[in-house]
Amino acid sequence: MNDLAALCERVSADIDDVVRGLGSDARIGSSFLAPGPGWGGSCFPKDTRALVSVASDFGVDLPLIDASLESNEASFSRVVETLRELCGGALEGKVIAVWGLAFKSGTDDVRDSPAVNIVKRLIDRGAQVQAFDPVAKAPNMPGLVQLPTALQAAAGADALAVLTEWPEFADVSPQEVASLMNSPVAFDGRRILPQTLSLIHI
């Protein structure tokens, strides 16, 4: 779905239409079709890599799983590139607000979190990251500061990235968020922000 979402962005199609179409097929179903910034967590990535390793030990290629792992890595890079474009073509010296650090909502687990992976890439490109997560604690890394509220994380930011689907992010006031930012642009990686104002960029 992340690859299809990238294609939809290029051809000005609506990924929601694709999700509805695929989900209406009973052989596929509508569960787990939401595009996002990539998948992660403490188990699935590790288990997937372990499966590839075991298969390799026995001389079996798993090209579909290999491609899924490569696609997931590309998803992280696409988020960073989108934020670079939103910041006028460069991340160096920019302040990026990140909402969500846990690999999914409802947990404080940041192991193999897509959000943390993306934060590292942003910092490597010269950005400063102001993060908020309702539960998860930010890993200790230069260039990353964790703030106590979503609005404080957005203050003075050149762009906002929503990377974990915490439901409270849907309740924010776009006007208030925009008024706090240097530039009111956002990458809504979880498609959870209100869709009514120009703050939103997916």
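The structure contained in this document is the topic of the report that follows. Predicted model, so just to flag it, every value in this text is computed and none were measured. (Residues numbered from 1 in each chain as written. Predicted model: local features only at pLDDT ≥ 70, side-chain atom pairs only at ≥ 80, totals over all residues. Heavy atoms only, no water.)

1. As for the pattern of salt bridges
Here comes step 1: Applying the stated criterion to the full structure yields eleven salt bridges.
Here comes step 2: We note a salt bridge from Asp-47 to Lys-46, for which the minimum N-O separation is 3.1 Å.
Here comes step 3: Here Arg-125 makes a salt bridge to Glu-81, at a shortest N to O gap of 3.0 Å. Separated by 44 residues along the polypeptide, Arg-125 in the loop between α5 (114–124) and β2 (128–132) and Glu-81 in helix α4 (residues 63–86) bring together distant segments of the chain.
Here comes step 4: Given the relative accessible area of 36%, Arg-125 is considered partly exposed.
Here comes step 5: Given the relative accessible area of 27%, Glu-81 is considered partly exposed.
Here comes step 6: Put simply, Glu-81, Arg-84 and Arg-125 are held in one network by salt bridges that share partners. (Salt bridge = Lys/Arg side-chain N within 4 Å of Asp/Glu carboxyl O. Helix = DSSP H or I, 4+ residues; strand = E, 2+ residues; numbered from the N terminus. Buried < 20%, exposed > 50% of the residue type's maximum accessible area, 1.4 Å probe, protein only.)

2. Describing α5
In an α-helix, one full turn covers 3.6 residues, which means residues spaced three or four apart are oriented alike.
Here comes step 1: All of the buried residues in α5 are Pro-114, Ala-115, Val-116, Ile-118, Val-119, Leu-122 and Ile-123.
Here comes step 2: At its buried positions, α5 is contacted by α4, β1 (95–99), β2 and β3 (144–146).
Here comes step 3: The N-cap of α5, judged by a side-chain oxygen 3.2 Å from the amide nitrogen of Ala-115 a few residues on, is Ser-113.
Here comes step 4: Of the residues trailing α5, Gly-126 is marked for its positive phi of about 95 degrees. (Contact = heavy atoms within 4.5 Å. Polar contact = N/O pair within 3.5 Å; in protein donor to acceptor, adjacent residues only side chain to side chain.)

3. Here's the deal with the packing of aromatic side chains
To describe a pair of aromatic rings, one takes the distance between the centres and the angle between the planes.
Here comes step 1: This model, assessed by the stated rule, comprises three aromatic pairs.
Here comes step 2: Ring geometry for Trp-99 and Phe-169: centres 5.2 Å apart, planes at 35 degrees, overall tilted. Note that Trp-99 is positioned in strand β1 and Phe-169 in the loop between β4 (159–162) and α7 (174–180), a separation of 70 residues in sequence.
Here comes step 3: The exposure class assigned to Trp-99 is buried, which follows from its relative accessible area of 0%. (Phe/Tyr/Trp six-rings, centres within 6.5 Å; stacked < 30°, edge-to-face > 60°.)

4. As for the packing of helix α1 (residues 2–11) against helix α2 (residues 15–23)
Two numbers describe a pair of packed helices, the interaxial angle and the distance between the axes.
Here comes step 1: The geometry of α1 relative to α2 is characterised by a closest axis approach of 9 Å and an angle of 135 degrees between their N-to-C directions. With respect to α2, the element α1 is oriented oblique. Considering only the axes of α1 and α2, their crossing is right-handed. Judged by residue contacts, Leu-4, Ala-5 and Cys-8 of α1 engage Ile-15, Val-18 and Leu-22 from α2.
Here comes step 2: For the contact of α1 with α2, the class distribution of residues is six nonpolar, no polar and no charged. (Axes fitted to C-alpha atoms, helices over the stretch in contact; angles between N-to-C directions. Parallel < 35°, antiparallel > 145°, perpendicular 65-115°, else oblique. Left-handed = near helix turned anticlockwise from the far one by under 90°. Nonpolar A, V, L, I, M, F, W, Y, C, P; charged D, E, K, R; others polar.)

Geometric values such as these leave the question of function open.
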